[in-house]
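Chain residues, written in single-letter form:
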Amino acid sequence: MSETLQVTGKNGLGDLQILSRETPRPFRDMVLVRTTAAALNYRDLALIVGISTAGPSIPYTPLSDACGIVEEVGEDVKGLRPGDRVCSTFFPTWQSGRRAPEKLSMLGASELGVGQQHFLLPQSALARPPDFLTDIQAATLPCAALTAWRAVLDGTGLLPGETILLQGTGGVSIFALQFAVAAGLRAIVTSSSDEKLERAKALGATDGINYRSKPDWAAEALQLTSGKGVDLVVEVGGAGTLAQSIRAVRLEGTISLVGMLAGGTQPLDVRTIYMKNVIVRGITVGSLEMFQRMCKAISAHNIEPVVCKVFPWREARSAFEALKQGGHIGKIVLDFTT
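Here we summarise the structure given alongside this text. Every chain is numbered on its own, with residues counted from 1 as its sequence reads. Only residues with pLDDT of 70 or above have their local features reported here, since the model is predicted, and side-chain atom pairs are shown and tallied only from 80 upward, although totals for entire chains, interfaces and linings are computed over all residues. Side-chain calculation: all heavy atoms of the structure are included, whereas hydrogens and water are not.

1. Digging into the sheet that holds strand E9 (residues 186-191)
- Two strands are said to pair when DSSP picks up at least two bridges between them. Helix numbering and strand numbering both begin at the N terminus, where a helix is a DSSP run of H or I of at least 4 residues and a strand a DSSP run of E of at least 2. Read across the open sheet, the 6 strands follow the order E10-E9-E8-E11-E12-E13; overall the sheet is parallel. Each edge of the open sheet carries a strand with a single partner, namely strand E10 (207-210) and strand E13 (279-282). Taking each pair of neighbouring strands and ignoring which way they run, the sheet shows an average axis angle of 20°.
- Note that E9 and E10 share 4 bridges and pair parallel. Pairing of threonine 190 across the sheet is with isoleucine 209, part of E10.
- Sitting on the sheet, helix H4 (residues 171-182) touches strand E8 (163-167), E9 and strand E11 (230-235), and the angle it makes with E8 is about 165°.
- Packed onto the sheet, helix H6 (residues 217-224) meets E8, E9, E10 and E11 and runs at close to 155° relative to E10. Comment: axis = line fitted to C-alpha atoms, over the contacting stretch for helices; angle = value between 0 and 180 degrees taken between N-to-C directions. Here a residue-residue contact requires only that any non-hydrogen atoms of the pair lie within 4.5 Å.

Written out as structure tokens, the structure reads:
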């Protein structure tokens, strides 16, 4: 028998339960993984509390990001064996190339999530994390890290010395900061907390803007770049902050749109996009191939994920409450070994 997190209703975190079930068995190309750690993403919380309107059918198993140990493999599996350490991938059917309709399934939504003591995935949906990371650290890579990797370094063409603006100090933004520092970029971070800005500077940020005391943070970004504007904005706020990001970015600069923490819809004057020739890129995690490239870079630069809090997995509700409060820097992780 194995235990699993289950969302059993549409009433928020009160419907997050722990249930027992038969431990699945692998067949053909499937791999049975014993979960050691699983990381939370804001997307998981949005699905549970109903912020996201495109929620999965009830009941469902949440979470997309896990690290674990292979326990058993199907008869067609090659290259993996019991005892190997692996991570899940966010899109189990997207191994390489561009996204296509058949590559849209997501763990913890259209596919069974990894918030369980044992999960079953095809070999093609698993990747080996960098050896020097702990299981807790490795569990943070599939969604937040890969999203940040694509937003900052995959296809952006940024050069050392150019400037990136990062919103907040959540999982994606902190990973983006670490990748930016490794790439020799100048990083400006916004936050509502001076304490968080100091932590970001300790991680390599060159400048910080407190958007509580300076709500026109786009103007501050322009001042910090001598009126030129930043080369790239990693936009996690969505519609609520996009207008300022457009003002803050330089002529022919890029906005990597990765989240909607400040809302998904709002009137927008597109004239500035047009006049500045701004490139707006929608980023939704990435493929297995991208994940593997990212892991090589993490190993080459010894990048250690920033983990703010670790909860025993049976205290998942408390972990989600901490995520909801938003006081964290980096990632919140569930420990499945306790």
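2. A short note on helix H7 (residues 239-248)
- Every buried residue of H7 is accounted for by Thr241, Leu242, Gln244, Ser245, Ile246 and Ala248.
- Buried residues along H7 sit against E8, H6, E11, strand E12 (249-257) and helix H8 (271-276). Note on exposure labels: buried denotes an accessible area under 20% of the residue type's maximum, exposed denotes more than 50%, and partly exposed covers the range between, all computed with a 1.4 Å probe on protein chains only.

3. What about the pattern of salt bridges?
- Salt-bridge detection follows one rule: a side-chain nitrogen of Lys or Arg within 4 Å of a carboxyl oxygen of Asp or Glu. Within this structure, the stated rule accounts for 15 salt bridges.
- One salt bridge in this structure joins arginine 28 and aspartate 76, with 3.6 Å as the shortest N-O distance. Taken together, the residues arginine 28 in the loop between strand E2 (16-21) and strand E3 (30-39) and aspartate 76 in the loop between strand E4 (65-73) and strand E5 (85-88) connect sequence positions 48 residues apart.
- The closest approach of N and O atoms between arginine 186 and aspartate 207, which form a salt bridge, is 3.0 Å. Here the residue arginine 186 occupies a position in strand E9, and aspartate 207 occupies one in strand E10, the gap between them amounting to 21 residues.
- According to the relative accessible area criterion, arginine 186 is partly exposed, its value standing at 24%.

4. A short note on the environment of leucine 257
- Positionally, leucine 257 belongs in strand E12.
- Sequence-wise, leucine 257 and aspartate 44 are 213 residues apart; in three dimensions their C-alpha atoms are separated by 18 Å.
- If we ignore the near neighbours within four places in the chain, the residues touching leucine 257 are Glu235, Gly238, Val280, Arg281, Gly282 and Ile283.

5. Observations concerning the packing of aromatic side chains
- Two rings from Phe, Tyr or Trp (for Trp, the six-membered ring) form a pair when their centres sit within 6.5 Å of each other. Planes less than 30 degrees apart are called stacked, planes more than 60 degrees apart edge-to-face, and all others tilted. Using the criterion set out here, one finds 5 aromatic pairs in the structure.
- On the basis of an interplanar angle of 80° and a centroid distance of 5.6 Å, the ring pair of tryptophan 149 and phenylalanine 179 is categorised as edge-to-face. Taken together, the residues tryptophan 149 in helix H3 (residues 141-152) and phenylalanine 179 in helix H4 connect sequence positions 30 residues apart. Each member of the pair, tryptophan 149 together with phenylalanine 179, is buried.
- Members of the aromatic cluster, each reached through a chain of ring pairs, are Phe90, Phe91 and Trp94.

6. With respect to the packing of H6 against H7
- Axis separation between H6 and H7 bottoms out at 8 Å; the angle between their running directions is 20°. If you check the angle between H6 and H7, you find them roughly parallel. By crossing handedness, the relation of H6 to H7 is classed as right-handed. Along the contact surface, H6 presents Trp217, Ala218, Ala219, Ala221 and Leu222, while H7 presents Thr241, Gln244, Ser245, Arg247 and Ala248.
- All amino acids are sorted into three groups, where Ala, Val, Leu, Ile, Met, Phe, Trp, Tyr, Cys and Pro are nonpolar, Asp, Glu, Lys and Arg are charged, and the leftover types, Gly among them, are polar. Grouping the constituent residues of the contact of H6 with H7 by class yields 6 nonpolar, 3 polar and 1 charged. When an angle is under 35 degrees it counts as roughly parallel; over 145 it counts as roughly antiparallel; between 65 and 115 it counts as roughly perpendicular; any other value is oblique. Rotating anticlockwise by less than a right angle from the far helix to the near helix defines a left-handed crossing, while the corresponding clockwise rotation defines a right-handed one.

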